[in-house]
Amino acid sequence: MNRYNHKRLVFLCGIIIICLFAGCGQKDQKVPSEPKDGPVKIPMIFLIDAATGKRENEELVHAFNEAYEGVYEAEVEWMAITSGEYRSNLKRWNVADELPAVITDVCFSPAFYELMLADKRLVDMSSLIEQDPEWKAAFEEDILDTCREEDGALYVCPSASNCFSYSGIFYHKKMFQKAGIEQFPENWDDFFACCAKLEQEGIIPVGLHTAGTAWAPMLFATAYLGTSSQGQAFMHQRLPRSYNGKAGQDLVYMLQKIHDYTSLDGVYQDFDVPYHQFVREETAMLPNGFWMLLQFTDERAESIGFAPFPENVMIASAQSSGWGIVSSYPKEVQKGAAAFLKFRTLQTSKQAKEFLNEKREDITSLEGDYIRAVNKDLTVIPNYQFQWNPILQEQVLMEELPKLLYHTIDAQQFLEAMNESVRRYEEE
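Small disclaimer: the values here were computed from a predicted structure and weren't measured.

Draft legend 1. Looking closely at the overall build of the protein. Broken down by element type, the protein carries 16 helices and 10 strands. When the backbone C-alpha atoms are referred to their principal axes, the protein occupies close to 75 × 55 × 35 Å. Among the 428 residues that make up the protein, the fraction classed as buried is 56%. Once local pairs closer than 6 in sequence are excluded, the contacts in the protein between residues at least 24 apart make up 76%. Element-wise, carbon and sulfur atoms account for 46% of the exposed surface of the protein, whose accessible area totals about 18800 Å².

The following block contains the structure:
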């Protein structure tokens, strides 16, 4: 790896560490409310990457503690657990009142977020940000509004920019060239014509799967809803109560249609199967988010392209980077937590501006594609994982989607299973 590639890898790792959400969990004791000597301690919990041993957000924490030395101190426990394990334990920590003062992944589940609101467990940060011109100005336009409640309350503080959270389509340029495709298709008709051309050359157009929350096919299906105002409105609903109507029908149509252009290897498999297929150049396209740029920081970054979904649609939710302040802590700890979140906002704002600079000496063509895609006049669709009930995501998609693809149930039966998940969720 040359020095420019090394710089790029370090730079992107820094972005991911600051911008992507990490786990949080249990602390044995809270900071007492009585005044005491020394800085105010702000309990936090972040994760340790099992693959690299790297502590998430470590640079951010050290920078904050240095900037606020003697006033505030981010007191972090780094936990060697997976994000899945953290999320499984988060509800228990909430019930036991053992959450840290600053929590990440506040909106990882809309059901959990609704529970936190109902129990008044989160601090409303709207007035804190509105009364601080520097803090408010650091956010991209409309970022905060996408996180507000109907009454204007703001219980999550997102990253300053959405530019690190967009999902679109990665593709192999050489495969497109082999099939005679000169540019990435701009509409869905051209997209499926492109898929047909790839198949004629013996190339599998897309890599998909159904396990987990069916991330890859659901990206295609929800992006497709972005082509109509009705679909857009549906995707902005939190915890929709019905999947009937045109939006639901369009969703199922795309789930079936896109699977006409993949192998069946991914059925019942998790995302790692289509991911490795794409890396091994066994498939031409893979839908995914910003983090995948980290995987192609060498010469391969010149042979891989990135584009929005057809009709200039991209998937992004500011809530994915949302961090919150737990309301049960003393006021001085809450104030310190707010200072930490402001510090993070200013850091990510700076990181976004640096990344979006196309004149960087070490920029790759893949990064350039991503930056140009971000700067288009986009239709942004929320990530379904932050909108829909967990029964639908974790059970219906896992169990019923393969049946739909193998034609053991039809589209109406699949929609009924989605609606049944709503009834079951509301009964729990």
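Draft legend 2. Highlighting the pattern of salt bridges. Enumeration according to the criterion identifies 20 salt bridges in this entry. Taking the shortest distance from any N to any O, the salt bridge between Asp-105 and Arg-87 comes out at 3.0 Å. Taken together, the residues span a long stretch of sequence, with Asp-105 in the loop between strand S3 (102-103) and helix H4 (110-118) and Arg-87 in helix H3 (residues 83-95) at a distance of 18 residues. Taking relative accessible area as the criterion, Arg-87 reaches 26% and is therefore assigned partly exposed. A salt bridge links Asp-145 to Arg-148, with the nearest nitrogen and oxygen atoms 3.1 Å apart. Given the relative accessible area of 23%, Arg-148 is considered partly exposed.

Draft legend 3. Geometry of the pairing of strand S4 (residues 167-172). Among the six residues in S4, six count as buried, and that is most of the element. As paired elements, S4 and strand S6 (residues 283-289) share five bridges and run antiparallel to each other. Counted as the bridge partner of Ser-167 is Gly-289 from S6. In the sheet, S4 pairs with strand S7 (residues 304-307) via four bridges, with the strands oriented antiparallel. Paired with Phe-170 across the bridge in S7 is Phe-306.

Draft legend 4. Fine view of the nonpolar core. Of all hydrophobic cores here, the largest spans 83 residues; its most connected members are Phe-191, Leu-198, Phe-220, Met-285, Trp-388 and Phe-414. Beyond its immediate sequence surroundings of up to four residues, Met-285 is in contact with Ile-169, Phe-170, Tyr-171, Phe-176, Phe-184, Phe-191, Cys-195, Leu-198, Pro-205, Val-206, Gly-207 and Phe-278. One finds Trp-78, Cys-107, Ile-325 and Ala-337 within the second-largest nonpolar core, a separate group that totals 55 residues.

Definitions and cut-offs
- Residues numbered from 1 in each chain as written.
- Predicted model: local features only at pLDDT ≥ 70, side-chain atom pairs only at ≥ 80, totals over all residues.
- Heavy atoms only, no water.
- Helix = DSSP H or I, 4+ residues; strand = E, 2+ residues; numbered from the N terminus.
- Buried < 20%, exposed > 50% of the residue type's maximum accessible area, 1.4 Å probe, protein only.
- Contact = heavy atoms within 4.5 Å.
- Areas by Shrake-Rupley, 256 points an atom, 1.4 Å probe, with all protein chains shown as cover.
- Salt bridge = Lys/Arg side-chain N within 4 Å of Asp/Glu carboxyl O.
- Pairing = 2+ DSSP bridges.
- Core = buried A, V, L, I, M, F, W, Y, C linked by side-chain atoms within 4.5 Å.

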